[in-house]
Amino acid sequence: MAWTASGLMVQSHIDKWDDSQLATDLTSETDLKAAFYGSSVTPAYGTDTAYNAGTWATANESAGAGYSPAGLLVVNTTLTHVTGSMKFDADNFSIPNSTIIAEGYLLYDDAHADRALGAVWFGEPFETQDGTFLVTHDPAGVYLLDLTP
């Protein structure tokens, strides 16, 4: 039997990631945060499952003028069905008047034990000196989960 990624199947996955079934709500405007890290971290996704744990310890977090420890609030989140996929997206991040170096960020749920949800890596470190650190998300979204078999 062949399975297809119908709109209903994708919607059931979306329901699992919004507040209808899980404590973590990827559509929250108050719970999700993005904490920035430099190139010194080596993620261990099997064991470092929360902000301020293991690799994601605050000692490894980016620091500098304009950036607050624990990161930025993730706002204008959307969770949608896009051609057999589930797309998570949010507003771009902007840290004005900042002096930081970061190579990526950890997306985590601040309201539920700082649960790590995923990491976005830029591929190289970026830096600002009294400028705006801007992260522009891919048009495909922050995350795209392909549900096509």
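Bear in mind the structure is a predicted one, so any value in this text is a computation, not a measurement.

## Regarding the sheet that holds strand E3 (residues 78–82)
As summarised here, the arrangement of the 3 strands in space is E3-E4-E9, forming an open sheet in which the pairing is antiparallel. Only two strands of the sheet have a single partner each, and these edge strands are E3 and strand E9 (143–146). Taking each pair of neighbouring strands and ignoring which way they run, the sheet shows an average axis angle of 20 degrees. Relative to strand E4 (residues 85–89), E3 runs antiparallel, the two sharing 5 bridges. Pairing of threonine 78 across the sheet is with aspartate 89, part of E4.

## Side note on the environment of histidine 81
Position of histidine 81 relative to the elements: it lies in strand E3. Measuring from C-alpha to C-alpha, the distance between histidine 81 and leucine 144 comes to 9.7 Å, with 63 residues separating the pair along the chain.

## Focus on the sheet that holds strand E2 (residues 72–73)
Taken in spatial order, the 4 strands line up as E2-E1-E6-E7 in an open sheet, and their pairing is antiparallel. In this open sheet, the two strands that pair with only one neighbour each are E2 and strand E7 (115–127). Summarising the sheet, strand E6 (residues 101–109) and E7 pair through 8 bridges and their orientation is antiparallel. Across the sheet, residue leucine 106 finds its bridge partner in E7, namely alanine 119.

## Details of the side chain of aspartate 25
Within the element layout of this structure, aspartate 25 appears in the loop between helix H1 (7–17) and strand E1 (32–37). With no salt bridge to any partner, buried aspartate 25 finds its closest opposite charge in arginine 115, at an N-O distance of 11 Å. Looking at aspartate 25, its side chain comes within polar contact range of the side chain of threonine 27, at 2.4 Å.

## Things to note about the nonpolar core
Note on soluble globular proteins: their nonpolar side chains tend to be buried together. Phe36, Phe93 and Tyr105 are the most contacted members of the largest nonpolar core, which totals 30 residues. At the level of secondary structure, the elements contributing two or more residues to this core comprise E1, E4, strand E5 (93–98), E6 and strand E8 (131–135). With residues up to four places along the chain from it excluded, the contact list for phenylalanine 36 reads Glu61, Ser62, Tyr67, Leu72, Phe93, Ile95, Ala102, Gly104, Tyr105, Phe122, Phe133 and Val135.

## Quick notes on the packing of aromatic side chains
Under the defined criterion, the tally for this structure stands at 12 aromatic pairs. Aromatic pair tyrosine 105 and phenylalanine 122: ring centres 6.4 Å apart, planes at 55 degrees, arrangement tilted. You can see tyrosine 105 sitting in strand E6 and its partner phenylalanine 122 sitting in strand E7, a full 17 residues away along the chain. In this structure phenylalanine 122 comes out as partly exposed when scored by relative accessible area, which is 24%. Taken together, the ring pairs in this structure connect Phe36, Tyr67, Phe93, Tyr105, Phe122, Phe126 and Phe133 into an aromatic cluster.

What counts, and at which threshold
- Residues numbered from 1 in each chain as written.
- Predicted model: local features only at pLDDT ≥ 70, side-chain atom pairs only at ≥ 80, totals over all residues.
- Heavy atoms only, no water.
- Pairing = 2+ DSSP bridges.
- Helix = DSSP H or I, 4+ residues; strand = E, 2+ residues; numbered from the N terminus.
- Axes fitted to C-alpha atoms, helices over the stretch in contact; angles between N-to-C directions.
- Buried < 20%, exposed > 50% of the residue type's maximum accessible area, 1.4 Å probe, protein only.
- Lys, Arg positive; Asp, Glu negative; His and termini not counted.
- Salt bridge = Lys/Arg side-chain N within 4 Å of Asp/Glu carboxyl O.
- Polar contact = N/O pair within 3.5 Å; in protein donor to acceptor, adjacent residues only side chain to side chain.
- Core = buried A, V, L, I, M, F, W, Y, C linked by side-chain atoms within 4.5 Å.
- Contact = heavy atoms within 4.5 Å.
- Phe/Tyr/Trp six-rings, centres within 6.5 Å; stacked < 30°, edge-to-face > 60°.

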